[in-house]
Amino acid sequence: MSASRPAAVIVLAAGEGTRMKSRTSKVLHELGGRSMLGHVLAAAGELDPERLVVVVGHRREQVVEHLAGHAPAAEPVVQERQGGTGHAVRTVLEQVGPLSGTVVVTNGDHPLLRGETLARLVRTHEDEGNAVTVLTTEMPDATGYGRIMRGADGAVTSIIEHKDADDAQRAVREINVGMYAFDGALLGDALKRVTTDNANGEEYLTDVVAILRGDGHRAGAFLTPDWVETQGVNDKVQLAQARRQLNDRVLEAHMRAGVTIVDPATTWIDVQVTAEPDAVVRPGTQLHGATHLGEGAEVGPGCTLTDTRVGADATVVNAVCVGAEIGPEASVGPYAYLRPGTRLARKAKAGTYVEMKNAEVGEGSKVPHLTYVGDAEIGEGCNIGASSVFVNYDGVNKHRSVVGDHVKIGSDNMIVAPVEIGDGAYTAAGSVIVSDVPPGAMAVARARQRNIAGWTERRLAGTKSAEAARRAREAGADGAGEGAG
């Protein structure tokens, strides 16, 4: 039986997160290309809830701004004071009104939790007809966690906090993760009866479980077998651990889908990256954002790609690419930098120490080395000589250059935009091109060479250069004398 659409998912994200020791809200720290809260919202979104509510409090401005930019469907609800988990959920109901149906409560600092796990929690809750269903797991070391006590029928009879448990209860490995599915109609009434009669003077959701059982309703539990995904993040050590665990999960999924990852230990891939079978990722590579690798593409070693598409059978080596599109069978690097708006067509090349920005390079065209191409369009079959610069900025505005098909740009050229170089044209080495070049023409834009004889000996007398020049001059003079007569 499939689970119904929940009435709401409530994400608790109001805590101070003091152990993070950061000016950034705890739930906004990133791993795998998303904030912690972003991962939780993605998992919650898989349930397709009627309402997605995020309780905000500490550094609420940061969290609300983040939601507006990344999850506009989420509704922020402000918890003015930190009054406990029960108080947070009660605040939601007071602001959004009663909720009828299944209400899921989860936490904004559990980035490894899968949507599939939440769905199974909801399905268990509805199949068993529970008033509340607790998400649980079995921890290798349950120290500090509340233990789940079950009756003969499998129902939850109580949740015993570690400090209150006796030795037999502490031997129980099943623990309360701190996430729940509630019957919304029953939840509102129970929350009104939660007291603050505890050491911290706060309202706890665990008390709702006891209240519902006391009313004669059934409390159940769904035990997830993967305890790793239930771990919360409270400091940057745990954040690093979660980042590694998430990355391992992502890498495994790619490898099982046919992607070759040569060295998983040095490879980092964000959750939104996609790749086709037979793509190869070599050591020391990071793939971020909406990056996509086509079939047979090879990336690495030593690459960092962000929001970049790599075509089938293309190669990218020791390169940084941001917002670029690399066509099929194209090649990039080593030591290239492709900036946003760069597009390489099939079999195009951006070689060693090449930087490109907002540039289009046509099929089979090559920019082999030591060159900057900014705001330019290069046609097919072109070759751009070494140490050339597309000069695109006049100090106020950017301008664009257009290079036609089968053009040969000589080494050490300055292409000063706006300028157009016609099909089949050539430019001489060392030229500064400031005017359009007609198709088929040879453009020479440099001063005529002039040699000033004896300059080194006169101006740099006593130096090694002057001495070498003297010897060469005298040797030449002797040779001329022997050959004369």
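Our subject is the structure listed above.
Predicted model only: the values in this text are computed from it and were never measured. In this numbering scheme, every chain counts its residues from 1 along its sequence in written order. Under the rules for a predicted model, residues below a pLDDT of 70 receive no local features and side-chain atom pairs below 80 are neither given nor counted, while totals for whole chains, interfaces and linings still include all residues. Just so you know, side-chain values use all the structure's heavy atoms and leave hydrogens and water out.

J.: Is there a simple way to think about the overall build of the protein chain in this case?
T.: Each helix is a run of H or I in the DSSP string that is no shorter than four residues. Each strand is a run of E no shorter than two, and both are numbered from the N terminus. For the protein chain, the count of helices and strands is 10 helices and 37 strands. Over its C-alpha trace the protein chain gives a radius of gyration of 33 Å, far above what one expects of a compact globule, namely 23 Å for 485 residues. Once the C-alpha set of the protein chain is aligned to its principal axes, its extents read approximately 125 × 50 × 45 Å. Methods summary: accessible areas were calculated by the Shrake-Rupley approach with a probe of 1.4 Å, and residue burial reflects only the protein chains presented. Per element, the accessible surface of the protein chain, about 22900 Å² overall, is 49% carbon and sulfur. Positive charge is attributed to Lys and Arg, negative charge to Asp and Glu, and no charge count is given to His or to the chain ends. Where a charge sits is defined by one atom per residue type, namely NZ (Lys), CZ (Arg), CG (Asp) or CD (Glu). Taking the average location of the 49 positive side-chain charges in the protein chain and that of its 62 negative ones, the two points are 7 Å from each other. As a reference, a globule follows 2.2 Å times the number of residues to the power 0.38, and the radius of gyration itself is taken over C-alpha atoms.

J.: Looking at this model, I keep getting lost on the nonpolar core. Mind explaining?
T.: Nonpolar side chains in soluble globular proteins tend to be buried together. Ranked by internal contacts, the top residues of the largest apolar core, which has 57 residues, are Val-316, Ile-326, Leu-344 and Met-356. Mapped by element, the contributors of at least two residues to this core are helix 8 (236-256), strand 22 (319-322), strand 25 (336-338), strand 27 (349-361), strand 28 (366-378) and strand 34 (419-421). Sequence-distant contacts of Met-356, that is, excluding residues within four places in its chain, are made with Tyr-337, Leu-338, Arg-339, Thr-342, Leu-344, Lys-349, Ala-350, Val-361, Val-367 and Val-373. Counting residues in hydrophobic clusters, the runner-up holds 34 residues, among them Val-92, Val-103, Ala-131 and Ala-219. The term nonpolar core refers to a set of buried residues drawn from Ala, Val, Leu, Ile, Met, Phe, Trp, Tyr and Cys, joined through side-chain atoms within 4.5 Å. Working definition: with a 1.4 Å probe on protein chains only, accessible area under 20% of the residue-type maximum means buried, over 50% means exposed, and in between means partly exposed. The criterion used for residue contact is that any of the two residues' heavy atoms lie within 4.5 Å.

J.: Is there a simple way to think about helix 7 (residues 205-214) in this case?
T.: All of the buried residues along helix 7 are Leu-205, Val-208, Val-209, Ile-211 and Leu-212. In an axial view of helix 7, the angular spread of the buried residues amounts to 165 degrees, which keeps them on one side of the axis. Every exposed residue of helix 7 that faces more than 90 degrees away from the buried side is listed here: Ala-210 and Gly-214. One or two steps after helix 7, the chain reaches Gly-216, where phi turns positive at roughly 90 degrees. Working definition: the arc comes from the directions between the helix axis and the C-beta atoms, pointing outward to the latter.

J.: Would you mind going over the side chain of Ser-365 with me for this structure?
T.: With respect to the element layout, Ser-365 can be found in the loop between strand 27 and strand 28. With relative accessibility at 1%, the residue Ser-365 sits in the buried group. Each residue touching Ser-365, except ones within four places of it in the same chain, is listed here: Lys-347, Ala-348, Lys-349, Ile-378, Gly-379, Glu-380, Gly-381 and Cys-382.

J.: Could you clarify how one ought to interpret the pattern of salt bridges in this entry?
T.: Pairing is possible between side chains that carry opposite charge, provided their charged atoms lie close to one another. For this analysis, a salt bridge means a side-chain nitrogen from Lys or Arg found within 4 Å of a carboxyl oxygen belonging to Asp or Glu. Counted under the stated rule, the structure contains 26 salt bridges. Taking the shortest distance from any N to any O, the salt bridge between Glu-203 and Arg-90 comes out at 2.7 Å. Of this pair, Glu-203 sits in the loop between helix 6 (184-191) and helix 7 while Arg-90 is found in helix 3 (residues 85-96), placing the two residues 113 residues apart along the sequence. What makes Arg-90 partly exposed here is its relative accessible area of 23%. Each of Glu-467, Arg-470, Arg-471 and Glu-474 takes part in a single network of salt bridges with overlapping partners.

J.: Would you mind going over the environment of Asp-248 with me for this structure?
T.: Relative to the helices and strands, Asp-248 resides in helix 8. As for Asp-248 and Pro-264, which are separated by 16 residues in sequence, their C-alpha atoms are 7.7 Å apart.

J.: Honestly, a nonpolar patch on the surface in this entry has me stumped. Any pointers?
T.: Excluding any residue in a salt bridge, patches collect residues exceeding 30% relative accessible area, merging like charges within 9 Å and nonpolar Val, Leu, Ile, Met, Phe, Trp and Tyr side chains within 5 Å. Residues Tyr-335, Tyr-353 and Leu-370 make up a contiguous nonpolar surface patch of about 350 Å² in total accessible area. Here Leu-370 shows up in strand 28. Leu-370 gets classed as partly exposed once you look at its relative accessible area, which sits at 46%.

J.: Would you explain the pairing of strand 1 (residues 8-13) in this entry?
T.: Remark: a regular strand shows side chains that alternate across the two faces of the sheet. Within strand 1, 6 of the 6 residues are buried, which leaves it mostly tucked inside the rest of the structure. Residues Ala-8, Ile-10 and Leu-12 line one face of strand 1 and the alternating positions Val-9, Val-11 and Ala-13 line the opposite face, and both faces are buried. For two strands to pair, DSSP has to find at least two bridges joining them. Where strand 1 meets strand 6 (residues 102-107), 5 bridges bridge the pair, whose relative direction is parallel. Opposite Val-11, over in strand 6, you have Thr-106 as the bridge partner.

J.: Would you take a moment to explain a negative patch on the surface for this structure?
T.: A contiguous patch of negative charge on the surface is contributed by Glu-363, Glu-377, Glu-380, Glu-420, Asp-423 and Asp-436. Along the polypeptide, Glu-380 turns up in the loop between strand 28 and strand 29 (383-384).

J.: What should I look at first to understand the environment of Ala-348 in this one?
T.: Within the fold, Ala-348 resides in the loop between strand 26 (343-344) and strand 27. In the structure, Ala-348 is positioned 13 residues away from Val-361 in sequence and 6.6 Å away in space, judged by C-alpha atoms. Every residue in contact with Ala-348, bar those within four places of it in the chain, is listed here: Ala-330, Ser-331, Val-361, Gly-362, Gly-364 and Ser-365.

J.: What's the story with the packing of helix 3 against helix 6 in this structure? I'm lost.
T.: Packed helices, taken two at a time, are described by the angle between their axes plus the distance between the axes. The interhelical angle for the contact between helix 3 and helix 6, taken along N-to-C directions, is 115 degrees, at an axis separation of 10 Å. Relative to helix 6, the crossing made by helix 3 is left-handed. Of the residues in helix 6, those in contact with Gly-86, Val-89, Arg-90 and Leu-93 of helix 3 are Leu-187, Gly-188 and Leu-191. Residue polarity is assigned by list, with Asp, Glu, Lys and Arg as charged and Ala, Val, Leu, Ile, Met, Phe, Trp, Tyr, Cys and Pro as nonpolar; anything else, Gly included, falls into the polar class. Class assignment for the residues of the contact of helix 3 with helix 6 results in 4 nonpolar, 2 polar and 1 charged. Only the stretch in contact is used when a helix axis is fitted, and all axes are lines through C-alpha atoms; the angle between N-to-C directions ranges over 0 to 180 degrees. For any pair of crossing helices, the crossing counts as left-handed if the nearer helix is rotated counterclockwise from the farther one by less than a right angle, and right-handed if it is rotated clockwise.

J.: Please explain the packing of aromatic side chains as it appears in this structure.
T.: Here the distance between the centres and the angle between the planes together describe a pair of aromatic rings. Pairing of aromatic side chains here covers Phe, Tyr and the six-membered ring of Trp, requires ring centres within 6.5 Å, and sorts the geometry by plane angle: under 30 degrees stacked, over 60 edge-to-face, intermediate tilted. As enumerated under the stated definition, the model contains 2 aromatic pairs in all. Arranged with centres 5.5 Å apart and planes meeting at 15 degrees, the rings of Tyr-335 and Tyr-353 form a pair that is stacked. With Tyr-335 in the loop between strand 24 (331-332) and strand 25 and Tyr-353 in strand 27, the pair connects residues that are 18 residues apart, well separated along the chain. The ring of Tyr-393 has Lys-398 sitting right over it, with the charged end atom 5.4 Å from the ring centre. The rule is short: NZ of Lys or CZ of Arg within 6 Å of the ring centre and within 35 degrees of the ring normal puts a charge over the ring.

J.: I would appreciate a short explanation of unusual backbone geometry in the present structure.
T.: Apart from glycine, the bulk of residues carry a negative phi angle, and the bulk of peptide bonds sit in the trans form. Put simply, Gly-333 and Pro-334 share a cis peptide bond, and its omega is 5 degrees. Of note, Pro-334 is situated in the loop between strand 24 and strand 25. Here the amide bond leading from Ala-417 into Pro-418 is cis, since omega sits at 0 degrees, within 30 degrees of zero. Tracing the sequence through the fold places Pro-418 in the loop between strand 33 (414-416) and strand 34. At Asp-375, a position not held by glycine, the phi torsion is positive, near 50 degrees. Topologically, Asp-375 is positioned in strand 28. Of note in the backbone geometry, His-406 takes a positive phi value of approximately 55 degrees without being a glycine. Here His-406 shows up in the loop between strand 31 (401-403) and strand 32 (408-409).

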